[in-house]
Amino acid sequence: MKDLLNRYGPVLTSIFILLTAFWLLALVILPNIYLFENSFRPYLPIAEVGGPNDTYSFDNYLKFFESPIHIRVFIWTILYSSIVTVICFIIAYPLAYYLAKVADLKLVPTLFLLLFIPLWVSEILRSFAWFIILSLKGPLNFGLIGLGIIEDPIRWMTGFRSVMIGLVYTYVLFMLFPVYNAVQSLDTNQIEASEDLGAPWWRTHWRVILPHCKPGIASGSVTVFMLSAGSILVPTLLASTNSRWFTEIIQQWMFESQDWNTGSAYAFLLLIICTVFVSLVMRIFKVKLSDIAK
Amino acid sequence: MTAGVDLDNVCADFGTFRAVDRVNVNIQPGEFFSFLGPSGCGKTTILRMISGFTNPSEGVIRIGGKDMKNTRPNQRPTALIFQNLALFPLMPVWENIAFGLEVRGVDKNTRRAKAEELLRLVDLPDAADKRVSQLSGGQKQRVAIARALAVEPDVMLLDEPLSALDLKLRQHMRAELRAIQKRTQVTFIYITHDQGEALAMSDRVGVMSQGKLQQVATPREIYDAPANGFVASFVGENNIFSGEVAGAEGAFATFRTASGTFQARLGPNTTGAKTRLFLRPEHVTLQAGPGALNSIPVEVTDVAFEGNFISIQSRDSSGQMLVAEARNDGAATVPKPGEKLHMVFDPAHALILAGDTAAKDPDA
Ligand SMILES: Nc1ncnc2c1ncn2[C@@H]1O[C@H](COP(=O)(O)OP(=O)(O)O)[C@@H](O)[C@H]1O
Ligand SMILES: [Mg+2]
């Protein structure tokens, strides 16, 4: 705060603070309060809004617990988001380690650029690209058959397979960066000390590098998990008939049934239960919130 | 167990830069050997090659007679104490020490017992369950030593392990390291840029400059019979005279300088080379009248009382600054600035040496 004042003077500083406050208030807090308030009111014809029937209740929330299908979709969403998170970690950790500790320093900026370029393409386009790649007569099956790895084309877009591929692809970088930062911040002498004391590579990772990276892994995991569970685009484009994502149900309430009240209640349920779930997992792995903030 | 280490024509290149240049030395089993040299002369690189983290670009490294070329660091019988110690901050002290045993599949109770035994050895008996961050610099130092000893290495490699400590502690740890080395009979290869440390602790010292080994000898020889100008000027204080040899007779020669012509002892490899005269401050005396031989008229400029000795700065007629040190025996008369005296020295203590001096000499 003092720094800001010293550097930019009182006028600019006030403008910065006002803009930030406006952004938070008008674009984040107010809409959420509006939805939150609405989630406790019944869905009524326009004429009755504000009338005697417009009273606060938990009815919208209870609808979820009374619908076994919605509960099942919710569990799938949590389960597959968790799997997506784990897969992202399995991909990101070796890559982060390579970039931070193995790769030639001169190559690293180029490698990061290569990782970034796909992000410049819109998420819709990328998801469509996967739609094409994964289709029954698409390039992936073509390639695999051409290489003789498989004989008959695989139906990729069945169950949650394609959704998971799409989500991993979309969010893996959100795992990579915090984990990269964590590995990067580890003193290389620690790795060498472990090796010098006789540790094989896997034990060095297990006892020295991974524990050091735990906060980074946790922050990446929370981000990927929350983004996956809240993703609407990827599931809409890549889901098959037998896989539904919880956000699709929220969307149904809001746009097909025009019932924003129940939609809001579902959205808050997703947020609350995911938060509880994440806190539980963090407790199991003994990660503190303050570790992640670092 | 203990093992010797042979460096046979070892070189290390980083790109076109040669950090270590044809180093040859045979370090004996159970020896306390120090590499001494200024920062950047390649000491750490040598240790990293012995421990296996850097590959020599040429030459052979043998430990216990066995070529280490294809042996990974985790298979070598060495233990390295890093310059910054590299203790594991997320493990308690005892797990740090027992890490090498954990790696070897030793069960937990044995590990714990061994860690506590080592903690007693390094005089930290109550630290087992502390966090590394709770320890002071000297305590961390001891934990690092214990952690390295735990794997019972044949060779201990120490990279300036005392440089972060304050003077008192440093001198205490010197003695302690020396004692541990004597007790365990493990070969110690010790790196330092502190000549006092190297001379006080080592059986032999290898003095390095710009990647090259300048001299390997006992501390006494390094100090009394330096092989060249670099070693003489890096180790200890000197009065240095530029000049030239004006005629040699056996081990002695006449040396002509701007301050006068002196009789001095000839060092090795001086024929045809650029030479200087080196004279230790404790080997000169200041007297009222001129001496018969090797006598320079000087004017005292400054006197510093150092406790156990008195350091007297003076200047001769050519403008050269000279230092004399007199032992403080409680009775010595101390000259005053401005006093005109004669500096005399014995030819046996004046050394003619070839080669450049270390950077701290403004002449270089
Ligand atoms: N990995 C490396 N890449 C490039 N140059 C290096 C590397 N390691 C050391 N050097 C260079 O080699 C020289 C010797 O380094 P080092 O062995 O660390 O010296 P010392 O330990 O004696 O201070 C230095 O000039 C240093 O810059
Ligand atoms: Mg060094």
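Residues numbered from 1 in each chain as written. Chains lettered and ligands numbered in written order. Predicted model: local features only at pLDDT ≥ 70, side-chain atom pairs only at ≥ 80, totals over all residues. Heavy atoms only, no water.

For clarity, the cut-off: UniProt positions are given in the numbering used here, feature names are shortened, and annotations may be inferred rather than shown by experiment.
In the annotation of an unreviewed UniProt entry, chain B is listed under the name ABC transporter ATP-binding protein and assigned to Fertoeibacter niger. Per UniProt, chain B carries the Sequence similarities (unreviewed entry) text "Belongs to the ABC transporter superfamily."

For chain A, an unreviewed UniProt entry supplies the name ABC transporter permease and the organism Fertoeibacter niger. The UniProt entry for chain A carries the following text under Subcellular location (unreviewed entry): "Cell membrane". The record held by UniProt for chain A lists under Sequence similarities (unreviewed entry) the comment "Belongs to the binding-protein-dependent transport system permease family. CysTW subfamily."

**Remarks on the side chain of Asp159 of chain B**
Residues and elements named next belong to chain B. Defined as follows: In DSSP terms, a helix is any run of H or I states spanning at least four residues, a strand is any run of E spanning at least two, and both are numbered starting from the N terminus. Here the term buried applies to any residue with accessible area under 20% of the maximum for its type, exposed to any over 50%, and partly exposed to those in between, with areas from a 1.4 Å probe on protein chains only. Positive charges are assigned to Lys and Arg, negative charges to Asp and Glu, while His and the chain termini are left out of the count. Any Lys or Arg side-chain nitrogen located within 4 Å of an Asp or Glu carboxyl oxygen qualifies as a salt bridge. Polar contacts here mean pairs of N or O atoms no more than 3.5 Å apart (in protein, one a potential hydrogen donor and the other a potential acceptor; neighbouring residues in sequence count only if both atoms are side-chain atoms).
Examined against the element boundaries, Asp159 turns out to sit in strand S7 (residues 155-159). Buried charge without a partner: Asp159 forms no salt bridge, and the closest opposite charge is Lys43, 6.9 Å away. Of note is the side chain of Asp159, whose polar atom sits 3.0 Å from the side chain of Thr44.

**Remarks on the interface of chain B and chain A**
Going by this rule: Residues are treated as being in contact if the distance between any of their heavy atoms lies within 4.5 Å. In this description, buried area is defined as the sum, over both parts, of the accessible area (probe of 1.4 Å) that is lost when the two are combined.
Across the contact, 25 residues belong to chain B and 17 residues belong to chain A. For the pair chain B and chain A, the two sides together bury roughly 1,900 Å², of which 52% comes from carbon and sulfur. For the pair chain B and chain A, the number of links is 5 salt bridges. Taken together, the connections running from chain B to chain A amount to 10 residue pairs in polar contact (both at pLDDT 80 or more).

**Details of the UniProt feature "transmembrane region" (unreviewed entry) in chain A**
The feature "transmembrane region" (unreviewed entry), as given by UniProt, occupies residues 12-35, 73-93, 105-122, 128-150, 162-180 and 265-285 of chain A in the numbering adopted here. With 95% helix and 0% strand, residues 265-285 of chain A has its two end C-alpha atoms placed 30 Å apart.

**Observations concerning a nonpolar patch on the surface**
We count it as follows: Each patch is built from salt-bridge-free residues with over 30% relative accessible area, joining like charges within 9 Å and nonpolar side chains (Val, Leu, Ile, Met, Phe, Trp, Tyr) within 5 Å. Per-residue and other accessible areas were derived by the Shrake-Rupley procedure at a 1.4 Å probe size, with only the shown protein chains allowed to occlude residues.
On the surface, a cluster of nonpolar side chains totalling about 860 Å² of accessible area is made up of Phe22, Trp23, Leu24, Leu25, Leu27, Val28, Ile29, Leu30 and Ile33 of chain A. Take Val28 of chain A: it is sitting in helix H1 (residues 2-38).

**A look at the pairing of S7 of chain B**
Residues and elements named next belong to chain B. What counts here: A pair of strands is considered paired only if DSSP assigns at least 2 bridges between the two. A clockwise path from the first strand over the helix to the second, with the strands pointing away from the viewer, defines a right-handed crossover.
Among the 5 residues that make up S7, 5 are buried, leaving the element largely enclosed by the rest of the structure. For strand S6 (residues 78-81) and S7, the ladder comprises 4 bridges, and the chain directions are parallel. Bridged to Ala79 within S7 is Met156. As paired strands, S7 and strand S8 (residues 187-192) are joined by 5 bridges and run parallel to one another. The residue bridging Leu157 from the neighbouring strand is Ile189, located in S8. Following the chain from S7 across helix H5 (residues 167-184) to the adjacent parallel S8, one finds a crossover that is right-handed.

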